[in-house]
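Here is how the chains run, residue by residue.
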Amino acid sequence: MKIYEKAPAKINLMLDVLRKRDDGFHEVEMIMTMVDLADRLEMEELPRDTIIISSQAGYIPLDEKNLAFQAAKLIKDRYDVSRGVYIHLDKKIPVAAGLAGGSSDAAAALRGLNRLWELGISEDELCTLGAELGSDVPFCVTGGTAVARGRGEKLEPIGNPPQCWVVLAKPPINVSTADVYGKLRASELKQHPSTSAMLSAIERGSFSDICANLGNVLESVTLHAYPEVLQLKEIMYRLGADGVLMSGSGPTVFGLVSKEAKVSRIYNGLRGFCKEVYVVRMLT
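Residues numbered from 1 in each chain as written. Predicted model: local features only at pLDDT ≥ 70, side-chain atom pairs only at ≥ 80, totals over all residues. Heavy atoms only, no water.

Colleague: Can you tell me about the environment of Arg 111, naming the residues and giving the values?
Modeller: Take Arg 111: it is sitting in helix α2 (residues 101-116). Separated by 41 residues in the primary sequence, Arg 111 and Gln 70 place their C-alpha atoms 14 Å from one another. A polar contact is formed between the side chain of Arg 111 and the backbone oxygen of Cys 140, at a distance of 3.0 Å. (Helix = DSSP H or I, 4+ residues; strand = E, 2+ residues; numbered from the N terminus. Polar contact = N/O pair within 3.5 Å; in protein donor to acceptor, adjacent residues only side chain to side chain.)

Colleague: Tell me about the pattern of salt bridges, residues and numbers included.
Modeller: Within this structure, the stated rule accounts for 20 salt bridges. Its salt-bridge partner being Asp 39, residue Lys 91 comes within 2.5 Å of it at the nearest N-O pair. In this pair, Lys 91 sits in the loop between β4 (84-90) and α2 while Asp 39 sits in strand β2 (residues 26-46), placing the two residues 52 residues apart along the sequence. Residue Lys 91 is classed as buried on the basis of its relative accessible area, which comes to 6%. Judged by its relative accessible area of 0%, Asp 39 is buried. We note a salt bridge from Asp 90 to Lys 92, for which the minimum N-O separation is 3.1 Å. Among the residues examined, Lys 92 registers a relative accessible area of 42% and is labelled partly exposed. Overlapping salt bridges, with partners in common, bring together Arg 19, Arg 21, Asp 23 and Glu 27 in one network. (Salt bridge = Lys/Arg side-chain N within 4 Å of Asp/Glu carboxyl O. Buried < 20%, exposed > 50% of the residue type's maximum accessible area, 1.4 Å probe, protein only.)

Colleague: Provide a residue-level description of the packing of helix α1 (residues 67-78) against α2, including the pertinent values.
Modeller: Packing of α1 against α2 leaves a shortest axis separation of 7 Å and a crossing angle of 35°. The chirality of how α1 crosses α2 is right-handed. Residues Leu 67, Ala 68, Ala 71, Ala 72 and Ile 75 of α1 lie in contact with α2, whose contacting residues are Gly 102, Ser 103, Asp 105, Ala 106, Ala 109, Leu 110, Leu 113 and Asn 114. Here the residues of the contact of α1 with α2 sort into nine nonpolar, three polar and one charged. (Axes fitted to C-alpha atoms, helices over the stretch in contact; angles between N-to-C directions. Left-handed = near helix turned anticlockwise from the far one by under 90°. Contact = heavy atoms within 4.5 Å. Nonpolar A, V, L, I, M, F, W, Y, C, P; charged D, E, K, R; others polar.)

Colleague: So, the packing of aromatic side chains: which residues are in play, and what are the values?
Modeller: Under the defined criterion, the tally for this structure stands at zero aromatic pairs. The cationic tip of Arg 151 hangs over the ring face of Phe 25; the distance from NZ or CZ to the ring centre is 4.7 Å. (Phe/Tyr/Trp six-rings, centres within 6.5 Å; stacked < 30°, edge-to-face > 60°. Lys NZ or Arg CZ within 6 Å of the ring centre and 35° of its normal.)

Colleague: Hey, could you go over the side chain of Lys 76 for me, with residue numbers and the actual values?
Modeller: Examined against the element boundaries, Lys 76 turns out to sit in helix α1. The class of Lys 76 is buried, set by a relative accessible area of 9%. Separated by 2.4 Å, the side chains of Lys 76 and Asp 49 make a polar contact. Beyond its immediate chain neighbours, meaning those up to four positions away, Lys 76 contacts Asp 49, Ile 51, Val 81, Ser 82, Arg 83 and Trp 117.

What follows is the structure, given as structure tokens:
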């Protein structure tokens, strides 16, 4: 039997960092939603007790460094599963891009193996497992739209934002999330995005207010270290995107666009600046 799971990318409509915690992590408050750019995982049981991962992408690790591999090992160890699995990962989400590609792959592996091995693990339990793998994994397990607090693992599901086009552009650089958080001085942040204002905008279905309240404090680090990300934001605004923000720790920038007529102009304009440009919809 083969099991198939979709692993969609996420974007942050807002990302705030409240403080650095005693455990070394940062206390965050984020609103995240998913977009229709997705990796796909195909899982099949193996006759011997091993984990094998393959992918058409030549630039990702296929061993213990891969989060889907880590997810498979965690679920095998925790639930004493002595069967093997072959996972093929069809990679579409850019890596080290602020789109939670690896986290979404891990979440899809947890969901898929729960089904493949008929383990009967609840979604809450899968989220708890996912939190051991990474801060974004619990959200990727559940999907939808949510407020995330703590280090990202405390989730409050909310209604989805109004449907719109999302243009994603990743410049040809990779950004380390750990490095960005390491350089962030949370106590020195002068401006914070408003969670309550974004929640209100989403609740009212106000696209213009969602665009007006986009915010990400990690831009203070990434835009300074990588001027091309700031340039990308400026180009996207100039081409007519309604709201523009860096997702996660970057370097991917997304533009929210309400009118389809604008989309091709924005896409074509961005393609002159970077190769990795995607036009997708929010998953609502």
